[in-house]
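Results of the structural survey
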Amino acid sequence: MADRSPLLTTRRALIGAAAALPLLHARPSYADEQVVVGTWGGDYANLLRDNVEPLLKGITIVTDIGDEDPRVAKLYAQRRLPRGSVDVACVQAVRGNELSTSGLLEPLDATKVPNLAHLHPFLRTDNFAPHIYSLQVLIHNPATVSEPPKTLTDLLDPKYKGKIGVGNGNYFYVMMACALAATGDANKVDDPAARAMATKHNDNGLRLYSSTDAIGAGIKSGEIDVGIMWLARVHMWQGAGIPVKATFFSEGNVLYVAGMVVPKNAPNKAGAYAYLNAMLEPAAQTKFAERMGYLPTVDNDKLTGPLGEQLALPGDVKMVPPDYGIVGKLQSTTSEWWNKTMTRS
Amino acid sequence: MVEQDHDSLLMPDSAALAVPRARPRQRGQGGAASAMLGPASLFVALALVAPLLLLLRYSLNRYDAVELMIETVTGANYARFVSDPFYLGVLRTTLGVAVATTALCLLLGVPLAYRLARMTSRWKGALMLALILPLFIGNTVRMVGWMILFAHGGLVDGLVTKLTGHGFELMYTATAVICGIVSVNLPFVVLTIQSTMETIDPRIEEAAESLGATPVRRFRRVVWPLALPGVATAGILCFILAMNAYATPFLLGGPRFQMMAPLLYWEFSTNNNWPFASAIALILMATTLVLTATSGVLLARR
């Protein structure tokens, strides 16, 4: 049992504060109408700037661009500070739930974020505002694959040996696909059957890529023929001229959800709520669908016309939202297992 | 004296020519120097030692998925590293890559540095610029260039396929990582050795030549002993940089090629296991320090 004496609590606070010092941005207390948003860069940040920020009159948005992992690390480092350095942090649903379980997040107040009422029921959580979502699908190069795979086990066919690609950073979602195929439950990532399924694929020459974009490049160059990816990425790659097509897993497609959270120590919570509400506006959501192929998380954004046709999901597609309460606790053990087993040559 | 061979005759004189005799220190100089060094030393102590102590403290804590860190004093993180063959394997890979990279950099760097140091051509400035030009481009961007070169269907693969009919994939191999790190470290190695060789008076070599020494013998018995401190510094610099390489093994080695720095980052950021990541950082630092200190001692004895 850990020692919880007041002395140690103070020391812990001091150590936490010392760790957070280099991460702090100088922030004057009068800057109430400033909202700091920690987000990914690239298209995502550009779309936020062009489509969400204009909806917020009288609020200055400061964008803190970086990867998700350091952003999450910052939130942990600043957890004991009365004023953190970000008001809104963009994270994936799995990380958002992890932060929520650790008690770092402000519960979302539907009265201050009216657009939360429009969220699809299968995406709702207490502390995480889903912004965009997509489905994990099987991908293939139509020039080299005449009969596309329909289930995960189809990839075990020896004809795909050394021709299957997945992103190492997406390991948890790949494990959820393995769990779904092996046990029927995507949350059982630690089940021996799920792990056996993953190692079978590894034995079939699974190629692990350091970045998501490298998978698209692998398809284009002919290095791989099939793989596992988000449907949104397939739309983006098709737009970029990469010969790739998607097929839905017959056993079900795990949802990838990215969204935003408000830390408990956010200096401008009112501004953060206003930002969340703006990002859920249908007009802003449509732009993310147009540019990045992600689906809107709100039910009042009905995509119409060619975009609606392009992103429409088949009626029989099975969407599998993870149980974040369960999978959040399995991150660490799954990561270690993956690193020690799957990444070994 | 008469019984001594040419080599031993040359050494004292060459050393005397190459190293200027130190002037006796004047009174008051020491105090002034200390006063000037004080602020910098204090800054280093605060900016380097204090975070290291914090890192040490973290490494003795226990990881908790919800609390992040539970304050305690335990050696469990260190025990986990040294008792697990996986982590020891990663350390071995890192050491192997660092040693191979250092050897290659010295092998390529010493002749290059010697040629540059002895060059009197007006192109010397341009060549020096060409040497440091890669440093103007970010490390990650340079690695992306290597990725394009090594990729499936890339320049190397395409050329080999054309010549042999078989593909040649270099991406995600130890060779790719070593090539990448050598390209990053080589300018540092050459510049360090070249600056030392510039201080060696060419007249010493001329003296050796006049005494009948062949070019190889001249280099081995005159230039090499005098350049050794610079070569050792370059080797140590290269070794330290290679031990801590992150972008190169991550991008060129891929997820299956594990080195210490990417492993450390994975533990810190993906797993949020700060105590274990701190222990890995200190183990990496300690290994590098011990090995560089040992090589320093061995060289000093020599």
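On a predicted model such as this, the values are computed, not experimentally measured, just so you know. (Residues numbered from 1 in each chain as written. Chains lettered and ligands numbered in written order. Predicted model: local features only at pLDDT ≥ 70, side-chain atom pairs only at ≥ 80, totals over all residues.)

**Comments concerning the overall build of chain A**
Scanning chain A from terminus to terminus reveals 13 helices and eleven strands. Against the globule reference of 20 Å for 345 residues, chain A gives a C-alpha radius of gyration of 21 Å, in line with a compact fold. Taken along its principal axes, the extent of the C-alpha atoms in chain A is 65 × 55 × 35 Å. Among the 345 residues that make up chain A, the fraction classed as buried is 46%. Partitioning the contacts of chain A with sequence separation of at least 6, the portion at a separation of at least 24 is 77%. (Helix = DSSP H or I, 4+ residues; strand = E, 2+ residues; numbered from the N terminus. Rg over C-alpha atoms; globule rule 2.2 N^0.38 Å. Buried ≥ 20, exposed ≤ 12 C-beta atoms within 10 Å, placed from the backbone. Contact = placed C-beta atoms within 7 Å.)

**Structural notes on the interface of chain A and chain B**
Residue-level contacts link 26 residues of chain A with 25 residues of chain B. Taken together, the elements giving at least two residues each to the side of chain A that touches chain B come down to helix H1 (6-20), helix H3 (68-77) and helix H13 (331-342) of chain A. For the side of chain A that touches chain B, the leading source of residues is H1 of chain A, giving five residues. Among the residues forming the side of chain A that touches chain B, the class breakdown is nine nonpolar, eleven polar and six charged. (Nonpolar A, V, L, I, M, F, W, Y, C, P; charged D, E, K, R; others polar.)

**Description of the environment of threonine 233 of chain B**
Residues and elements named next belong to chain B. As for its position among the elements, threonine 233 is in helix H10 (residues 215-243). For threonine 233, a count of 17 C-beta atoms within 10 Å gives the class partly exposed. Taking C-alpha positions, threonine 233 is 8.1 Å from isoleucine 193, a pair spaced 40 residues apart along the chain.

**Some words on unusual backbone geometry**
Residue and element names in this part refer to chain B. Not every positive phi belongs to a glycine, and tyrosine 172 is a case in point at roughly 60 degrees. Assignment of secondary structure puts tyrosine 172 in the loop between helix H7 (155-164) and helix H8 (174-198). On the basis of neighbour counts, which here come to 22 C-beta atoms within 10 Å, the residue tyrosine 172 falls in the buried class. Its identity as a non-glycine residue notwithstanding, asparagine 272 has a phi of 60 degrees, on the positive side.

**Points about the packing of helix H12 (residues 260-270) of chain B against helix H13 (residues 274-301) of chain B**
When two helices pack together, their arrangement is given by the angle between the helix axes and by the axis-to-axis distance. Residues and elements named next belong to chain B. Here H12 crosses H13 at 160 degrees, and the two axes come no closer than 8 Å. Here H12 lies roughly antiparallel to H13, going by the angle between them. Between H12 and H13 the crossing geometry is left-handed. Residue-level contacts link Met260, Leu263, Leu264, Glu267 and Phe268 of H12 to Trp274, Phe276, Ala277, Ile280, Ala281 and Leu284 of H13. Looking at the contact of H12 with H13 residue by residue, the class counts come to ten nonpolar, no polar and one charged. (Axes fitted to C-alpha atoms, helices over the stretch in contact; angles between N-to-C directions. Parallel < 35°, antiparallel > 145°, perpendicular 65-115°, else oblique. Left-handed = near helix turned anticlockwise from the far one by under 90°.)

**Quick notes on the nonpolar core**
Val88, Met175, Ala177, Cys178 and Leu276 of chain A are the most contacted members of the largest nonpolar core, which totals 101 residues. Among the elements that make up this core, the one with the highest residue count is helix H5 (residues 171-183) of chain A (eleven residues). Counting residues domain by domain, this core receives three or more from each of domain 1 (6-132 + 256-311) and domain 2 (133-255 + 320-342) of chain A. Setting aside chain neighbours within four positions, we find alanine 177 of chain A in contact with Gln136, Leu152, Ile228, Phe249 and Val254 of chain A. Core analysis: the second largest hydrophobic core is formed by 61 residues, Ala113, Met197, Ala208 and Met243 of chain B among them. (Core = buried A, V, L, I, M, F, W, Y, C linked by C-beta atoms within 7 Å. Domains from an automatic or database assignment.)

**Here's the deal with the domain arrangement of chain A**
Interfaces are frequently sized by the accessible area removed from exposure as the parts join. All names here are of chain A. Partitioning chain A into domains gives domain 1 (6-132 + 256-311) and domain 2 (133-255 + 320-342). Taken over C-alpha atoms, the centre of domain 1 sits 27 Å from the centre of domain 2. Contact residues are listed per partner, giving 18 residues for domain 1 and 16 residues for domain 2. Elements supplying a minimum of two residues to the side of domain 1 that touches domain 2: helix H4 (93-101), strand E4 (129-140) and strand E9 (253-261). A per-element tally of the side of domain 1 that touches domain 2 places H4 first, with five residues. Counted by class, the side of domain 1 that touches domain 2 contains eleven nonpolar, six polar and one charged residues.

**Re the environment of proline 314 of chain A**
Locating proline 314 of chain A in the fold gives a position in the loop between helix H11 (305-311) and strand E11 (319-320). Residues proline 314 of chain A and asparagine 170 of chain A, spaced 144 residues apart in sequence, show a C-alpha to C-alpha distance of 24 Å.

**A short note on the packing of H8 of chain B against H10 of chain B**
Residues and elements named next belong to chain B. Between H8 and H10, the shortest axis-to-axis distance is 8 Å and the interhelical angle comes to 160 degrees. Taken together, the axes of H8 and H10 lie roughly antiparallel to each other. Judged by the sense of rotation from one axis to the other, the crossing of H8 with H10 is right-handed. On H10, the residues that touch Ile181, Asn185, Phe188, Val189, Thr192, Ile193, Ser195, Thr196 and Met197 of H8 are Ala227, Pro229, Gly230, Val231, Thr233, Ala234, Leu237, Cys238, Leu241 and Ala242. In terms of residue class, the contact of H8 with H10 is built from 13 nonpolar, six polar and no charged.

**Observations concerning helix H6 (residues 192-203) of chain A**
Residues and elements named next belong to chain A. Taking 1.5 Å per residue, twelve residues should reach 16 Å; H6 reaches 16 Å between its end C-alpha atoms and fits that length. Among the residues making up H6, those that are buried are Ala194, Arg195, Met197, Ala198 and His201. Buried residues in H6, looked at end-on, bunch into an arc of 155 degrees, giving them a common side. Residues of H6 that are exposed and angled more than 90 degrees away from the buried face: Pro192, Ala196 and Asp203. In this structure, the buried side of H6 is in contact with strand E5 (164-167), H5, strand E6 (206-209) and H13. (Expected span 1.5 Å × (residues − 1). Arc of directions from axis to C-beta.)

**Structural notes on the pairing of strand E1 (residues 34-39) of chain A**
All names here are of chain A. Counting buried positions along E1 gives five out of six residues, so the element sits mostly inside the fold. Examined bridge by bridge, E1 and strand E2 (residues 60-65) share six bridges and lie parallel to one another. Residue pairing across strands places threonine 39 opposite isoleucine 65, the latter belonging to E2. Remark: the E1/helix H2 (residues 42-52)/E2 crossover connection has right-handed handedness. (Pairing = 2+ DSSP bridges. Right-handed = clockwise from strand over helix to strand, strands pointing away.)

**Quick word on the confidence of the model for chain B**
Residue and element names in this part refer to chain B. In this model, chain B carries a mean pLDDT of 87, and residues with pLDDT of at least 70 account for 90%. In this model, residues 1-20 is a region of pLDDT below 50 whose contacts with residues beyond four sequence positions or in other chains number 20 contacts. At the level of chain-chain contacts, confidence expressed as ipTM amounts to 0.78, with global pTM at 0.82. (pLDDT = per-residue confidence, 0-100.)

**Looking at the environment of asparagine 77 of chain B**
All names here are of chain B. Positionally, asparagine 77 belongs in helix H3 (residues 76-83). In the structure, asparagine 77 is positioned 200 residues away from alanine 277 in sequence and 8.7 Å away in space, judged by C-alpha atoms. With sequence-adjacent residues up to four places away left out, asparagine 77 is seen in contact with Ser59, Pro275, Phe276 and Ala279.

**Focus on the pairing of E9 of chain A**
Put simply, side chains in a regular strand alternate between the two faces of the sheet. Residues and elements named next belong to chain A. Buried residues dominate E9, accounting for nine of its nine residues. Along E9, one buried face is formed by Asn253, Leu255, Val257, Gly259 and Val261 and the opposite face, lined by Val254, Tyr256, Ala258 and Met260, is buried too. Bridge count for strand E3 (residues 88-92) against E9 is four bridges, and the pairing is antiparallel. Bridge pairing in E9 links alanine 89 to valine 261. As paired strands, E4 and E9 are joined by six bridges and run antiparallel to one another. Along E9, the bridge assignment pairs leucine 135 with leucine 255. Pairing of E9 with E11 involves two bridges; the strand directions are parallel.

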